[in-house]
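# Results of the structural survey
Each chain, written out:
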Amino acid sequence: LYKYFDKIFKEIFVAPLVLPQKELRELIKLEDIIKDLAEKTQNGSIKNFSDFLGENSSRLEIIVTFLALLHLLKRKIIKAEQCDVFGEIAISKV
């Protein structure tokens, strides 16, 4: 019985693995993107979704910016129109 429990405890209580560390990316705050997108749309400095993004935008930046766009649409601060599937998203103030 002792040998059986000893074997089970050794299998369960194994030393924790040390995970490899990854480099942290820049923190992107949704609130900041929402404010910036609303401000630039209201003053007319951007007309399209791609105008707000830089040419070297990461996937994370694109996703967060799209979430900001959806938030502003929900709150009826801006309006957006997309004529074609996967086409450019036109943004205008309400």
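Everything here concerns the structure above.
This write-up is about the structure you can find in this document. Quantities reported herein were computed from a predicted structural model and do not represent experimental measurements.

What follows covers the nonpolar core. If you look at the biggest cluster of nonpolar residues, it comprises 15 residues, and the most contacted ones within it are Leu-37, Phe-49, Leu-69, Leu-72 and Ile-91. With sequence-adjacent residues up to four places away left out, Leu-69 is seen in contact with Leu-37, Phe-49, Ile-78, Ile-89 and Ile-91.

Right, let's talk about the pattern of salt bridges for a bit. It is possible for side chains of opposite charge to pair when their charged atoms get near one another. Overall, the coordinates contain one salt bridge when judged by the stated rule. Here Lys-40 makes a salt bridge to Asp-36, at a shortest N to O gap of 3.8 Å. Here Asp-36 and Lys-40 lie together in helix α2 (residues 30–42), a separation of four residues that amounts to about one turn. Look at Lys-40 and you get partly exposed, because its relative accessible area is 29%.

Attention shifts here to the side chain of Thr-41. Within the fold, Thr-41 resides in helix α2. The buried category is assigned to Thr-41, whose relative accessible area is 3%. Among the polar contacts made by the side chain of Thr-41, one reaches the main-chain carbonyl oxygen of Leu-37 at a distance of 2.7 Å.

A word on the side chain of Thr-65. Position of Thr-65 relative to the elements: it lies in helix α4 (residues 59–74). On the accessibility criterion, Thr-65 (3% relative accessible area) is buried.

Scoring rules and cut-offs
Residues numbered from 1 in each chain as written. Predicted model: local features only at pLDDT ≥ 70, side-chain atom pairs only at ≥ 80, totals over all residues. Heavy atoms only, no water. Core = buried A, V, L, I, M, F, W, Y, C linked by side-chain atoms within 4.5 Å. Buried < 20%, exposed > 50% of the residue type's maximum accessible area, 1.4 Å probe, protein only. Contact = heavy atoms within 4.5 Å. Salt bridge = Lys/Arg side-chain N within 4 Å of Asp/Glu carboxyl O. Helix = DSSP H or I, 4+ residues; strand = E, 2+ residues; numbered from the N terminus. Polar contact = N/O pair within 3.5 Å; in protein donor to acceptor, adjacent residues only side chain to side chain.

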